[in-house]
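Here is what each chain is made of, one letter per residue.
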Amino acid sequence: MNRDFKLLVLGSSLLALTACAAPNREPDLSNIKSNVDQTREGDFGDFLYNLVEAEDKAREASDIKASLDADAPYLYTNLPLRKKGVQLSEEALDHRKKAEAALNRILDPIRARLAYLESLHVPQDVGPLKASVYFATGSSRITAEEGGKLAQVGNFLSQYPISHIQIDCYTDTKGSTGANKELARRRCASTVEALKKAGVPLAATVATDAVGEPKDSPDNTDNQENRRVDVMVAPHGTYNKGM
């Protein structure tokens, strides 16, 4: 009995000593805040945080809308859920805008560096190239003659590929304002497509503005001068040299 008791006491003591000597395997939580703060630090952290928030809130808002759409259209039930869906969608859009702003802050120094490098290869006397393409009434089709102007744009871009292209699209005032706005969009689209076929390099940035009816133009007026698309190509060197 004494032998068994002694063995039991000895075993218990060894177990207690082993437990005391074993390292603490509990995770150290003291650095959580530091790691989280570093993750969200700076423009890149701001971009990541707002991007995730935008996606999560947009997904939740979409789920709420899908749930509400399943109800009968004449039932105005669950008003709090409707308000929550609207609020989430607005917050998602706000987070997206903040993410875009942070991304632009990240990219701006890169863009500036690229612009500077391009400016070294653009002669001092090279300025922007502008071309105007004209259309028939109600049409967004580019004729062969007008397409030749876009071929000249392509040739210019082959020499100065890192350029910015601004495309402004207009219509006359015949017809409704809404229809003319849509016509301007189609003219923008056909112009961009024609530029691609003319060999616009991937390095060029393209911005479009479907203006539609020019401001302060007389209503219901058939004006050929307004049935046009203006294409302006500016090499980055133009901006850097203050031309």
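Residues numbered from 1 in each chain as written. Predicted model: local features only at pLDDT ≥ 70, side-chain atom pairs only at ≥ 80, totals over all residues. Heavy atoms only, no water.

For the coordinates displayed, the defined rule picks out two aromatic pairs. For the pair Phe44 and Phe47, a centre-to-centre distance of 6.2 Å together with 40 degrees between the ring planes defines the contact as tilted. Taken together, the positions of Phe44 and Phe47, both in helix α3 (residues 42-69) and three residues apart, correspond to about one turn of that helix. Over the ring of Tyr170 we find Arg228, and its NZ or CZ is 4.3 Å from the ring centre. (Phe/Tyr/Trp six-rings, centres within 6.5 Å; stacked < 30°, edge-to-face > 60°. Helix = DSSP H or I, 4+ residues; strand = E, 2+ residues; numbered from the N terminus. Lys NZ or Arg CZ within 6 Å of the ring centre and 35° of its normal.)

The next thing to look at is the side chain of His95. Within the secondary structure, His95 sits in helix α4 (residues 79-119). When neighbours within four sequence positions are excluded, His95 is seen to be in contact with Tyr49, Asn50, Glu53, Ala54 and Lys57. (Contact = heavy atoms within 4.5 Å.)

The subject of this paragraph is the sheet that holds strand β1 (residues 129-134). Strand pairing within a sheet occurs via backbone hydrogen bonds; the two strands may be parallel or antiparallel. Read from one edge to the other, the open sheet built from four strands follows the order β1-β4-β2-β3, with strand pairing classed as mixed. Each edge of the open sheet carries a strand with a single partner, namely β1 and β3 (205-212). Recorded for the sheet is a direction-independent mean angle of 15 degrees between the axes of neighbouring strands. Here strand β2 (residues 163-170) runs beside β3; their pairing, made up of seven bridges, is parallel. Residue pairing in the sheet places Cys169 in a bridge with Ala210 of β3. In this fold helix α5 (residues 144-159) packs onto β1, β2 and β4 (228-235), with an angle of close to 160 degrees to the strand it touches most, β1. Where helix α6 (residues 177-197) meets the sheet, its contacts fall on β2, β3 and β4, and the angle it forms with β3 comes to roughly 155 degrees. (Pairing = 2+ DSSP bridges. Axes fitted to C-alpha atoms, helices over the stretch in contact; angles between N-to-C directions.)

Moving on, we come to the nonpolar core. General note: in soluble globular proteins, nonpolar side chains tend to be found buried as a group. In this structure, Val153, Leu157, Ile165, Ile167, Leu195, Val231 and Val233 are the most contacted members of the largest nonpolar core, which totals 23 residues. The set of elements that each furnish at least two residues to this core consists of β1, α5, β2, α6 and β4. If one sorts the elements of this core by residue count, α5 sits on top with four residues. (Core = buried A, V, L, I, M, F, W, Y, C linked by side-chain atoms within 4.5 Å. Buried < 20%, exposed > 50% of the residue type's maximum accessible area, 1.4 Å probe, protein only.)

Let's shift gears to the state of the cysteines. This model, assessed by the stated rule, comprises one disulfide. What pairs with Cys169 in a disulfide is Cys188, and their sulfur atoms sit 2.2 Å apart. Since a negative S-S torsion denotes a left-handed disulfide, the Cys169-Cys188 link at about 120 degrees is right-handed. Taken together, the residues Cys169 in strand β2 and Cys188 in helix α6 connect sequence positions 19 residues apart. Judged by its relative accessible area of 0%, Cys169 falls in the buried class. Residue class for Cys188 comes out buried when judged on its relative accessible area of 5%. (Disulfide = S-S within 2.5 Å.)

Attention now moves to the pattern of salt bridges. Note that side chains of opposite charge can pair when their charged atoms are close. Scanning all chains against the criterion turns up 16 salt bridges. Note that Lys57 is salt-bridged to Glu53, the shortest N-O span being 4.0 Å. Of this pair, Lys57 and Glu53 both sit in helix α3, four residues apart, which is roughly one turn of that helix. The exposure class assigned to Glu53 is partly exposed, which follows from its relative accessible area of 21%. Using a relative accessible area of 17% as the deciding quantity, one classes Lys57 as buried. Through salt bridges with shared partners, one network takes in Asp43, Asp46 and Arg105. (Salt bridge = Lys/Arg side-chain N within 4 Å of Asp/Glu carboxyl O.)

You can see Asp230 is positioned in strand β4. For Asp230, a relative accessible area of 9% translates into the label buried. Here Arg228 takes part through its side chain, which lies 3.1 Å from a polar atom of the side chain of Asp230. Discounting residues that sit within four places of it in the chain, Asp230 has contacts with Lys130, Ala131, Ser132, Gln166, Ile167, Asp168 and Tyr170. (Polar contact = N/O pair within 3.5 Å; in protein donor to acceptor, adjacent residues only side chain to side chain.)

Remember, this is a structural readout, not a statement about activity or role.
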